[in-house]
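Spelled out from the first residue to the last, the chains are:
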Amino acid sequence: MTAVSDREQRAYIGAQAADARVNVELETDGMTLNLGPQHPATHGTLRIITRLDGEQVISAEPVMGYMHRGYEKLVEVRTYPQINTLVNRIDWLGSFANEVPFILAAEQLMEIEAPPRAQWIRTILFEMSRIANITLFLGDMGVQLGAITAVFYAFRDREHVLNQIEAATGGRFHPNYDRIGGLKEDLPRGWVAETKSVMDKVRDFCDEMETLLVGNEIFETRTRGIGVIPAEVALGYGLSGANLRASGVDWDLRRDQASPLVWSEVDWKVWTHPDGDSFARYWVRLQETREAANIVDQLLDGLPAGPIMAKVPRIIKVPAGEAWVSTENPLGEMGYYVVSKGDLGPFRVKIRTPSFNNISVVPWVLKGVYVPDIITILASLYFILGDIDR
Amino acid sequence: MELTLAIELAYWQQLTVKVLAVLIIVPTATAIIVQTFLFKVMAHMQSRLGPMEAGPHGALQLMADGAKFVQKEVLAPARADRRVFVLAPVVVLLSTFLLFVVIPAGPSGVAEDLDIGIFFALAVSSISVLGVLMAGWASANKYALIGGLRAAGQLIAYELPLVLAVVGVVIQAGTLSLQGIVRAQAEGEIFGFGLLGLPFVFTQFIGFALFLIATQAELTQPPFDMPVAESELVAGYQVEYSGLQFLYFYLGEFGAAFAFSALAATMFLGGWWVPGLDLDGGLLSNLIGPAVLFAKTMAVAFLIFWIRFTYPRLREDQLQTFAWKYLIPLSLLNILATGVFKVVF
C-alpha cells in the first residue's frame with residue numbers, strides 16, 4: 001500500500017509539473033468542472049469535483065453524503081426484526097442480499113441455525129437479487145456510453161426477476177422476507193417452475209447484451225484500456241466484488257469463506273479477467289449474471305423439503321457479544337459488525353458497504369483521463385448511492 | 001414552389017410563394033420525423049409503446065409537446081451574452097431552412113434549382129455549427145462550452161468525408177445541380193437495361209455509406225453525438241435553453257435530419273423520379289414526385305435513426321482517428337475509382 005501511494009504521489013507531482021509547463025507555454029488556464037450532485041451519470045447524488053485541462057482531468061475528488069440517512073444510528077433504537085426493513089434499503093437494487101448478512105450475524109449471536117430449506121431459499125433469493133441488480137448495470141452501461149436502447153431491454157427482463165421475487169416475498173424492491181431463524185413464509189405453489197423459465201430469460205438477456213454491446217466495436221474502443229486498475233491498487237483501495245475480480249484477483253466470498261448459505265452445494269465458477277479496465281468490469285459482471293442464473297437453476301433442482309423456521313423465542317433478545325458477518329453481495333463485500341448488550345436491539349452496528357470502498361479509487365483512476373471516460377469509468381465501477389451513503 | 005401554372009407570376013410573387021412553401025415544409029417535415037422515429041419507432045425498438053394517449057396511437061403527442069414548449073418561459077442565465085444567446089438558435093434554424101431551398105421534389109417542385117445545388121446544400125449545412133458554437137459560448141455554462149467546442153472540433157472530421165462522398169456522385173452525374181443528378185440517374189442504364197434508371201447507390205455504395213456515416217455526425221446523433229452527450233454534458237450546448245428557443249434547436253436538428261435524408265435519397269436513390277414519370281414536367285410528375293421523394297426519404301431516415309438508437313457514442317479523439325484513418329482515405333479511393341470508371345466507360 002505504501003509503495004503504491006508513493007508511486008502515485010510521484011506520478012501526481014510529475015503530472016502537475018507537466019501541466020504547469022503546458023499552461024505557461026500556451027497560457028491556458030485550468031477549469032473546475034463540478035459533476036453532480038444532480039448529474040445523469042451519477043446514479044443519484046454523487047458529486048465529483050474535477051479539475052480539467054481542456055478535456056483532460058488533472059484531479060478528481062468525489063464528494064459523498066448527499067444521501068446520508070444515518071442507518072448506523074437508526075438501528076441503535078430499533079429491535080432486530082425492525083432493523084431488517086431498514087437495511088434492505090441500503091443497496092436498493094439488490095435488497096434481499098442486504099438482509100441476509102445482518103440476519104446471519106444475529107443468528108450467530110443467538111446461536112440459532114435456520115433449517116436447510118430456509119438456507120436454500122435464502123441462497124436462491126440472494127442470487128436472484130444479484131441478477132436483478134446487475135442486469136440493470138448491464139443495460140445502464142450502454143446508456144452511459146450513449147446507446148440508449150440497452151437499458152430498456154434491461155428494465156424489461158429485470159421485471160421478470162422482480163415479479164418472481166415479489167411472488168415469493170410480497171415485495172418487489174424491499175422484500176423484508178428474511179427472519180432470524182428462517183423465513184417469513186414458504187414459497188408459493190408453482191414458483192420453482194416459473195423461476196426456471198425466468199432464468200432462461202435472464203440467459204437470453206445476457207446473450208442479447210453480448211451481441212448488442214460486448215460485440216460492438218464502438219463499445220470496445222470506449223471501454224478497453226479505459227480506467228485500468230491494477231491488482232495491487234485494487235487491493236490497496238479495498239475494492240471488492242466484480243471490480244476486484246476484473247483486476248485479476250480471484251476472490252469471492254461465496255467460495256472463500258464458510259457460510260450457512262449453500263453455495264458450496266452447487267457447481268459454479270468464479271469469473272476473473274486479467275485486464276482491470278472498464279471492459280473487464282463489464283465482462284465479469286455479464287458472466288456473473290449468467291453464473292447466478294445457473295446457480296439458481298441448480299439450487300431449484302435440489303431444493304430440500306422441510307420447515308422454513310427454526311425454534312425461535314417469541315420476543316427476540318440477542319445475547320451480549322460481537323459478531324461480524326459479510327457476504328458477497330451484488331456490488332461486493334457487504335458486512336455487518338453487530339455489538340449486542342443483550343437488549344431487544346443492537347448496541348452498535350457498523351455497516352461495511354462495498355460501494356463506499358469501490359468509490360474511493362475514483363481520484364486515483366480518474367487522473368489523466370478525458371471527460372467522456374469519467375462517465376465510462378464511473379459507470380463501470382458500478383456503485384449505488386444508497387450503498388455509499390447509507 | 002414553381003409550379004407550371006398558366007398564369008405568369010411576378011418575381012416577388014414567386015418569391016413569396018417559395019418562402020411560404022419552405023416555411024410550411026420545414027416544420028411539417030420535422031414534425032413527421034420526430035413523431036415517427038423519435039416517438040414511435042424508437043419506442044417499439046426498445047420494447048415500449050411510446051406516447052399512446054394523445055390521439056390515435058399517440059399521433060397528436062407532438063402537438064401537445066409543441067404547445068408545452070410555447071408556453072414555457074424563455075430563460076437566459078444571468079451571465080449569458082444575451083444577443084449571441086438569442087441569435088444562436090436562429091442561426092441553427094436558418095441553416096436548416098436554407099437546406100430545403102435546393103432539394104427537388106418534382107420536375108418543377110424546387111424552390112431554387114441552383115447549378116451548384118449540392119455544393120450550396122453542404123455549405124449552408126455547416127452554418128449550423130456556428131450557431132452551436134455561439135450557443136455554447138454565450139450560455140456562460142461549462143457544460144455548454146465543452147459541448148460547443150466539441151461541435152466545432154469535430155466539424156472538419158466529418159465535413160471532409162461528407163463532401164468527398166458526394167464528389168463521386170458529382171463525377172458520375174457530371175453536374176452539381178440536384179435536378180441534374182436526378183436526371184442523370186433516371187437516364188442511366190444498368191448494363192443496357194434502362195427501364196429502372198440507374199440509382200447511384202449501385203455504383204456509389206461506398207459513397208452512400210460514407211455519406212450516411214458523416215450525416216450522423218452532421219446531425220450530432222449517436223455514435224457521434226459528443227456535443228450533446230446526455231450522459232456526460234447533460235445536454236451540451238442546449239443545456240441553458242428553454243421554451244421556444246429550445247424548440248428552435250429541436251426544429252433545426254430534426255429538420256436537418258429530414259433534409260439530409262432527402263439529399264441522400266436524391267443523390268443515391270433516384271430522388272423524386274420513378275419509372276413512368278416524365279422528367280421534364282407535367283402535372284402527374286409534379287404531384288407524384290413529392291410523394292416518391294417522401295417515401296425514399298423516410299426509408300433513409302429509418303436507417304439513420306436505427307443507428308442512432310443502437311450505437312454507443314465515440315470519444316472525440318476516436319472520431320478524429322476514425323475520420324482521418326478510415327473515412328477520408330476510403331472516400332479518396334472512391335473518387336479515384338469513380339474517375340477511372342468514368343474515363344474508361
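Fair warning: this is a prediction, and the values are worked out from it, not measured in the lab.

### Some remarks on the packing of helix α5 (residues 127–138) of chain B against helix α6 (residues 142–173) of chain B
Residues and elements named next belong to chain B. Remark: α5 packs on α6, axes separated minimally by 7 Å, with the N-to-C direction vectors making an angle of 155°. As judged from the angle between their axes, α5 and α6 are roughly antiparallel. The element α5 and its partner α6 pack so that their crossing is left-handed. Of the residues in α6, those touching α5 at Val129, Val132, Leu133, Ala135, Gly136 and Trp137 are Ala144, Leu145, Gly147, Gly148, Leu149, Ala151, Ala152 and Leu155. In the contact of α5 with α6, the residues fall into 11 nonpolar, three polar and no charged.

### A closer look at the packing of helix α10 (residues 243–268) of chain B against helix α11 (residues 283–310) of chain B
Residue and element names in this part refer to chain B. Two numbers describe how α10 lies on α11: the axes approach to 8 Å, and their chain directions differ by 110°. For the element pair α10 / α11, the angle class is roughly perpendicular. Of the two possible hands of crossing, α10 and α11 adopt the one that is right-handed. Where α10 approaches α11, its residues Ala257, Phe258, Ser261, Ala262, Ala264 and Ala265 are matched on the opposing element by Leu293, Lys296, Thr297, Val300, Ala301 and Ile304. Of the residues that constitute the contact of α10 with α11, the class distribution is nine nonpolar, two polar and one charged.

### Quick look at the pairing of strand β2 (residues 47–53) of chain A
For a regular strand, side-chain orientation follows a simple rule: the groups alternate between the two sheet faces. Residue and element names in this part refer to chain A. As paired strands, strand β1 (residues 31–35) and β2 are joined by five bridges and run antiparallel to one another. Bridge pairing links asparagine 34 to isoleucine 49 in β2. Looking at chain direction, β2 and strand β3 (residues 56–63) are connected through seven bridges and run antiparallel. Its bridge partner lying in β3, arginine 47 is registered against valine 63.

### Topic: α6(B)
In this model, α6(B) (32 residues) spans 46 Å end to end at C-alpha, consistent with the 46 Å of a helix rising 1.5 Å per residue. Directly beyond the C-terminal end of α6(B), a positive phi value near 75° is found at B:Gly174.

### Quick word on the nonpolar core
Formed by 205 residues in total, the largest nonpolar core has its most connected members in A:Ala106, A:Leu125, B:Ile103, B:Ala257, B:Ala259 and B:Met267. The biggest single contributor to this core is α10(B), with 17 residues. Formed jointly, this core draws a minimum of three residues from each of two domains, domain 1 (2–63) and domain 2 (71–389) of chain A. Excluding residues that lie within four positions of it along the chain, B:Ala257 makes contacts with B:Ile33, B:Leu219, B:Ala301 and B:Ile304.

What counts as what
- Residues numbered from 1 in each chain as written.
- Chains lettered and ligands numbered in written order.
- Predicted model: local features only at pLDDT ≥ 70, side-chain atom pairs only at ≥ 80, totals over all residues.
- Axes fitted to C-alpha atoms, helices over the stretch in contact; angles between N-to-C directions.
- Helix = DSSP H or I, 4+ residues; strand = E, 2+ residues; numbered from the N terminus.
- Parallel < 35°, antiparallel > 145°, perpendicular 65-115°, else oblique.
- Left-handed = near helix turned anticlockwise from the far one by under 90°.
- Contact = placed C-beta atoms within 7 Å.
- Nonpolar A, V, L, I, M, F, W, Y, C, P; charged D, E, K, R; others polar.
- Pairing = 2+ DSSP bridges.
- Expected span 1.5 Å × (residues − 1).
- Core = buried A, V, L, I, M, F, W, Y, C linked by C-beta atoms within 7 Å.
- Buried ≥ 20, exposed ≤ 12 C-beta atoms within 10 Å, placed from the backbone.
- Domains from an automatic or database assignment.

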